[in-house]
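Take a look at the letters that make up each chain.
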Amino acid sequence: MAAELNLLRDQIDAVDKQILDLLAQRLSLVEKVGEVKSEHGLPIYAPDREAAMLASRREEAEKIGVPPQLIEDILRRTMRESYASEKDSGFKCLNPELRSVVIVGGRGQLGGLFARMFELSGYKVKILGSQDWNNASEILSDAGLVVVTVPINRTLGVIEQLGNLPKDCILCDLTSIKSKPLQAMMDVHQGPVVGLHPMFGPDVPSLAKQVIVYCDGRGQESYQWLLQQFSIWGASLCPIDAPEHDHGMTLIQALRHFTSFAYGLHLSKENPSLDKLLTLSSPIYRLELAMVGRLFGQDPNLYGDIILSSQENIDMIKRFHESFGEAMQLLDQQDKSKFVDSFEQVSEWFGEYSQQFMSESQQLLKQANDSIQRG
């Protein structure tokens, strides 16, 4: 039996090596694709092409008895690596006549990411950091684009210092709140203004499929090339009004971050063994615990600034506290029927999204389970 098993394992090893060779060939071809896209100014992410390719591969897999989801998982993981490789090949510069791009806060992580992306696209990039303000007039004198990316609590103060920009210079920010920064930029600069919010962190390997929200300010025709440049980088653009954006962020960011903070605070007071909790957790609970723990591995000032950035955030969290209190009454009354009624009301509100989220979460849980290292 041992000899037979070893023979089969040797055959598997040989097939694995063939897979490695094929992956190397694919990455090499992707690198060439990136060069062609860069030359012609094509986005690195083409959703229609990707969807058609995945559908075709799934159909082909099913015909030969390979689980369609298996080939899709392999290809999606391979494409994610491919997008990062395409980034390294550079991008077409859509505005080669632009004067310098000045990143205010460019030594920070997010500012550094955007500085690198502009450099990969052939733009002349300058950094204006906290220690450079004595030379700010010189640094900003030939600016064609100024990008403000500083902590939220400093954003308005920094914007107020940008009153002497060239008239045709584009002024934008990368802040997670939009109404106040957008108005501040409109007040201080009479040229083109646009508010931006990258819905990702600085550690992304590629901007492919990442969302950049933009709120129009003034002179929309002057910064269309900038939005197109983001698309070439692979980003998906989401236009929205600033007040609507901020209300959405109250629910997506502030409320979720605060509930994670409260849950982590409670866990620390209960002081359980995290090792034991992880051992007991199925993938979904492990993932939820990981998302809470992830919060506490980052800068507390950032999350404090996000949560406390507006009275709307605080009011929303207070209303959530009231809803939590109403839910607690069901427990105090031990009223299962009312619990079920409330559950069904919420389920009806989610509607078809419940099944969509069920499907999406199942795929995430499979990936999470694959990545778990067990003793």
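This report concerns the structure included in the present document. Remember, it's a predicted structure, so these values are computed and weren't measured experimentally.

### Points about the overall build of the protein chain
A count of helical and extended segments in the protein chain gives 15 helices and seven strands. For the protein chain, the residues scored as buried account for 37% of the 375 residues in total. The contacts of the protein chain with a sequence gap of at least 6 include a subset with a gap of at least 24, amounting to 69%. Only carbon and sulfur atoms are counted for the fraction: they give 55% of the accessible area of the protein chain, which is about 23,000 Å². With 36 positive and 50 negative side-chain charges, the protein chain shows a spacing of 3 Å between the two charge centroids.

### Considering helix α11 (residues 283–295)
For α11, with 13 residues, the first-to-last C-alpha span of 19 Å sits near the 18 Å given by 1.5 Å per residue. All of the buried residues in α11 are L289, V292 and L295. All buried residues of α11 fall inside an arc of 115° around its axis, so they share one side. Looking at the buried positions of α11, the neighbouring elements they touch are α9 (242–270), α10 (274–280) and α12 (300–307).

### Here we look at the sheet that holds strand β4 (residues 170–173)
Spatially, β2-β1-β3-β4-β5-β6-β7 is the arrangement adopted by the seven strands of the open sheet, whose pairing is mixed. Two strands lie at the open edges of the sheet, namely β2 (125–128) and β7 (236–239), each paired on one side alone. Within the sheet, the average angular offset between the axes of one strand and its neighbour, ignoring direction, is 25°. As defined by bridge partners, strand β3 (residues 143–148) adjoins β4 across four bridges and the pair is classed as parallel. Along β4, the bridge assignment pairs V147 with C172.

### Quick notes on the pattern of salt bridges
Applying the stated criterion across every chain, the model contains twelve salt bridges. K63 is the partner of E59 in a salt bridge, and the nearest nitrogen-oxygen pair spans 3.8 Å. With a gap of four residues between them, E59 and K63 both fall in helix α2 (residues 47–63), about one helical turn apart. Among the salt bridges present, the one from K178 reaches D173, with a minimum N-O distance of 3.0 Å. Classification of K178 as buried rests on a relative accessible area of 0%. Among the charged side chains, a network of salt bridges with common partners joins E50, R58, E72, R76 and K209.

### Digging into the pairing of β3
It is a general feature of regular strands that their side chains alternate between the two faces of the sheet. Along β3, six of the six residues are buried, which leaves the element largely enclosed by surrounding structure. As defined by bridge partners, strand β1 (residues 100–104) adjoins β3 across five bridges and the pair is classed as parallel. Across the sheet, the residue bridging to I103 is V147, located in β3.

The rules we used
Residues numbered from 1 in each chain as written. Predicted model: local features only at pLDDT ≥ 70, side-chain atom pairs only at ≥ 80, totals over all residues. Heavy atoms only, no water. Helix = DSSP H or I, 4+ residues; strand = E, 2+ residues; numbered from the N terminus. Buried < 20%, exposed > 50% of the residue type's maximum accessible area, 1.4 Å probe, protein only. Contact = heavy atoms within 4.5 Å. Areas by Shrake-Rupley, 256 points an atom, 1.4 Å probe, with all protein chains shown as cover. Lys, Arg positive; Asp, Glu negative; His and termini not counted. Charge placed at Lys NZ, Arg CZ, Asp CG, Glu CD. Expected span 1.5 Å × (residues − 1). Arc of directions from axis to C-beta. Pairing = 2+ DSSP bridges. Axes fitted to C-alpha atoms, helices over the stretch in contact; angles between N-to-C directions. Salt bridge = Lys/Arg side-chain N within 4 Å of Asp/Glu carboxyl O.

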